[in-house]
Amino acid sequence: MMRVAVHPVQMVMGFIIWAVWFVAIYGGLSVACDLAPPSIWLGHMTWINAVLLGVTLFTTLFLLALAYRCWRARPDTDNHRFVVWISFAGYVGAAVATFAVGLPILGLPPCL
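Just so you know, these numbers come straight off a predicted model, no measurement behind them. (Residues numbered from 1 in each chain as written. Predicted model: local features only at pLDDT ≥ 70, side-chain atom pairs only at ≥ 80, totals over all residues. Heavy atoms only, no water.)

## Comments concerning the overall build of the protein
Phase 1 of the analysis: Summing up its helical and strand segments, the protein has 3 helices and 0 strands in all.
Phase 2 of the analysis: At 17 Å, the protein has a C-alpha radius of gyration far larger than the 13 Å of a compact globule built from 112 residues.
Phase 3 of the analysis: When burial is assessed residue by residue, the protein has 32% of its 112 residues classed as buried.
Phase 4 of the analysis: Across the protein, contacts joining residues at least 24 apart in sequence account for 82% of those joining residues at least 6 apart.
Phase 5 of the analysis: A total of about 6,900 Å² of accessible surface is found on the protein, and carbon and sulfur atoms cover 76% of it. (Helix = DSSP H or I, 4+ residues; strand = E, 2+ residues; numbered from the N terminus. Rg over C-alpha atoms; globule rule 2.2 N^0.38 Å. Buried < 20%, exposed > 50% of the residue type's maximum accessible area, 1.4 Å probe, protein only. Contact = heavy atoms within 4.5 Å. Areas by Shrake-Rupley, 256 points an atom, 1.4 Å probe, with all protein chains shown as cover.)

## Considering the environment of P110
Phase 1 of the analysis: Its place among the elements puts P110 in the segment after α3 (78-102).
Phase 2 of the analysis: For P110, a relative accessible area of 13% gives the class buried.
Phase 3 of the analysis: Sequence spacing of P110 and S30 is 80 residues, and the spatial spacing of their C-alpha atoms is 9.1 Å.
Phase 4 of the analysis: Not counting the four nearest positions on each side in its chain, P110 is found in contact with L29, C33, P38, G43, T46, I48 and N49.

## Describing the layout of surface pockets
Phase 1 of the analysis: In this structure, the largest pocket spans a volume of roughly 190 Å³.
Phase 2 of the analysis: Contributing to the lining of the largest pocket are 13 residues, with Y26, L29, L52, P104 and I105 lying nearest its centre.
Phase 3 of the analysis: Elements represented by at least two residues in the lining of the largest pocket include exactly α1 (10-35), α2 (47-72) and α3.
Phase 4 of the analysis: The biggest single contributor to the lining of the largest pocket is α1, with 4 residues. (1 Å grid on protein atoms, 1.4 Å probe; cavity = no way out; pocket = protein on both sides within 12 Å on 5 of 7 lines; lining within 4 Å. Points joined across faces, edges and corners; volume = space filled by probe spheres on them.)

## As for the state of the cysteines
Phase 1 of the analysis: This model, assessed by the stated rule, comprises 1 disulfide.
Phase 2 of the analysis: Disulfide partner of C33: C111, at an S-S distance of 1.9 Å. Its S-S torsion of approximately -90 degrees makes the covalent link between C33 and C111 left-handed. Of this pair, C33 sits in helix α1 while C111 sits in the segment after α3, and the two are 78 residues apart along the sequence. (Disulfide = S-S within 2.5 Å.)

Structural data, given as structure tokens:
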């Protein structure tokens, strides 16, 4: 059994990772648009959107990998089973939220 997968902090870690991603993405977007705004004529094909999309995809895949790790855990007690399933649901929910919030990167210009 993976002891780390049954630690209670796993139940909130998915949304902590999501919150850090959210602050970093929108903070980084604001700083990038202030320091080096791309031309409005480029639309959504800018270096800022490429970086934001890369970070979003990495974070989504990382959260899904953590969810898979919880899925593969073999808890030995009912308390551990509860922690593993809540953690799994939290990681999947955070991955879906990350992808959904990052989806406008594909179609909107970064600095409106």
